[in-house]
Amino acid sequence: MDNTTAEKISDLTYKISRLMLPEALERLTQEFYGRVTFSSSFSIEDQVITHAILSNNLPVSIFTLDTGRLFAETYSLWNTTNEKYNSRIKAYYPNHTALEDFANEKGPNSFYQSIENRKQCCYIRKVEPLKRALAGNEIWVTGLRAEHSPERKNLQLIEWDEGNKIIKFNPLLLWTTEEVREYMNTHDVPYNSLHDRGFVSIGCAPCTRAIKPGEDFRAGRWWWEDANKKECGLHTTN
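Since this is a predicted model, take the numbers as computed values, not measurements.

With that settled, consider the side chain of Lys168. Checked against the element boundaries, Lys168 lands in strand 6 (residues 166–169). In this structure the side chain of Lys168 is engaged in a polar contact, spanning 2.9 Å, whose partner is the side chain of Asp161.

Attention shifts here to the packing of aromatic side chains. The tally for this structure, following the rule as stated, stands at nine aromatic pairs. Across from the ring centre of Trp222, 4.2 Å away, lies the NZ or CZ of Arg118, which sits over that ring. Taking the ring centre of Trp222 as reference, the NZ or CZ of Arg221 above it sits at 4.8 Å.

Applying the stated criterion across every chain yields a total of 13 salt bridges. Its salt-bridge partner being Glu138, residue Arg35 comes within 2.1 Å of it at the nearest N-O pair. Placement of the pair is Arg35 in the loop between helix 2 (21–31) and strand 1 (36–39) and Glu138 in the loop between helix 6 (115–134) and strand 4 (139–141), with a sequence separation of 103 residues. Overall, Arg35 belongs to the partly exposed group, its relative accessible area being 29%. Salt-bridge contacts for Glu215 lead to Arg209; the nearest nitrogen and oxygen are separated by 3.1 Å. We classify Glu215 as partly exposed; its relative accessible area is 28%. One salt-bridge network, in which partners are shared between bridges, spans Asp11, Lys15, Arg27 and Glu31.

So, on to the packing of helix 5 (residues 96–106) against helix 6. Contact pair helix 5 / helix 6: the axes reach a minimum separation of 10 Å and the direction vectors enclose 160°. Classified by the angle their axes make, helix 5 and helix 6 are roughly antiparallel. Every pair of crossing elements has a handedness; the one defined by helix 5 and helix 6 is left-handed. Every residue of helix 6 that contacts helix 5 at Ala98, Leu99, Phe102 and Lys106 is listed here: Asn117, Gln120, Cys121, Ile124 and Arg125. Per-class residue counts for the contact of helix 5 with helix 6 are five nonpolar, two polar and two charged.

Among all residues save glycine, negative phi is the norm, and among peptide bonds the norm is trans. Its identity is not glycine, yet Phe42 carries a phi of approximately 70°, on the positive side. Along the polypeptide, Phe42 turns up in the loop between strand 1 and helix 3 (44–55). Owing to a relative accessible area of 2%, Phe42 belongs among the buried residues under this scheme. Even without being a glycine, Asp188 presents a positive backbone phi close to 55°. Along the chain, Asp188 falls in the segment after helix 7 (177–187).

If you look at the biggest cluster of nonpolar residues, it comprises 33 residues, and the most contacted ones within it are Leu25, Leu28, Ile53, Ile139, Val141 and Phe169. Listing elements by their share of this core, those giving two or more residues are helix 1 (3–16), helix 2, strand 1, helix 3, helix 4 (72–85), strand 4, strand 6 and helix 7. Ranked by residues supplied to this core, first place goes to helix 3 with five residues. Setting aside chain neighbours within four positions, we find Leu25 in contact with Ile49, Ala52, Ile53, Leu58, Val141 and Phe169.

Let us now look at the sheet that holds strand 1. One open sheet holds the six strands; their spatial order is 3-2-1-4-6-5, and the pairing between them is mixed. The sheet is open, and its two borders are formed by strand 3 (90–92) and strand 5 (158–161), each paired with just one other strand. Ignoring strand direction, the axes of neighbouring strands in this sheet form an average angle of 35°. Against the sheet, helix 2 touches strand 1, strand 4 and strand 6, its axis set at about 160° to strand 6.

Here we come to the pairing of strand 6. Across the two faces of strand 6 the burial is the same, with Ile166 and Lys168 and Ile167 and Phe169 all buried. Taking the residues that link successive antiparallel strands as the turn, the strand 5-strand 6 hairpin has four residues, and the phi of Lys165 there is positive, at about 55°.

Rules of the game
- Residues numbered from 1 in each chain as written.
- Predicted model: local features only at pLDDT ≥ 70, side-chain atom pairs only at ≥ 80, totals over all residues.
- Heavy atoms only, no water.
- Helix = DSSP H or I, 4+ residues; strand = E, 2+ residues; numbered from the N terminus.
- Polar contact = N/O pair within 3.5 Å; in protein donor to acceptor, adjacent residues only side chain to side chain.
- Phe/Tyr/Trp six-rings, centres within 6.5 Å; stacked < 30°, edge-to-face > 60°.
- Lys NZ or Arg CZ within 6 Å of the ring centre and 35° of its normal.
- Salt bridge = Lys/Arg side-chain N within 4 Å of Asp/Glu carboxyl O.
- Buried < 20%, exposed > 50% of the residue type's maximum accessible area, 1.4 Å probe, protein only.
- Axes fitted to C-alpha atoms, helices over the stretch in contact; angles between N-to-C directions.
- Parallel < 35°, antiparallel > 145°, perpendicular 65-115°, else oblique.
- Left-handed = near helix turned anticlockwise from the far one by under 90°.
- Contact = heavy atoms within 4.5 Å.
- Nonpolar A, V, L, I, M, F, W, Y, C, P; charged D, E, K, R; others polar.
- Core = buried A, V, L, I, M, F, W, Y, C linked by side-chain atoms within 4.5 Å.
- Pairing = 2+ DSSP bridges.

Honestly, that's just the spatial picture; any functional story needs more than this.
What follows is the structure, encoded as structure tokens:
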């Protein structure tokens, strides 16, 4: 990150750190009109941000990464969200040649066999499509929260994402789960029905399970791997 970008991030943080969610998003669209985008996985956090954007008619593009292996409930929520807000959330898909080669060579469920296979699958299905989705934008809005994992406690409200060469805005970073749920209840925001069945962090169906009482937030993702740094690569900084 060069000095100009560092100064820009410092200035933005000063301007929006005390603003409410809709006002902060609006301020960003004023400074970066047409270059602010939001990635939604239809999590409860992402649904909060989607509501703030669409209910206030903010010029923020919204996209999702359709890996091809999402839960049926996720697709239902996607459809419900479009209907409620009269929106058309844009989908980005894996490169079909890369996916075909990977599945044909290693099998459809090879991610269970090694971390290398799992990360390759995540790269094809999520990381590469994300780079295409972010192209041409200057601000990437995310639903990341510090409570999600130990690695995310060091995130900043506005930061530089080196891997994707873009400024990242994490508006719900310091929100608690209770605050997220209260917002959803107050504004009647639709959510994934899997949350009512013990699912907390919801990704691809083969890689997600409900968590048990007392388990960590991320315990339901890639549960067959070591608990340390279980990320798919979307939010790495190197």
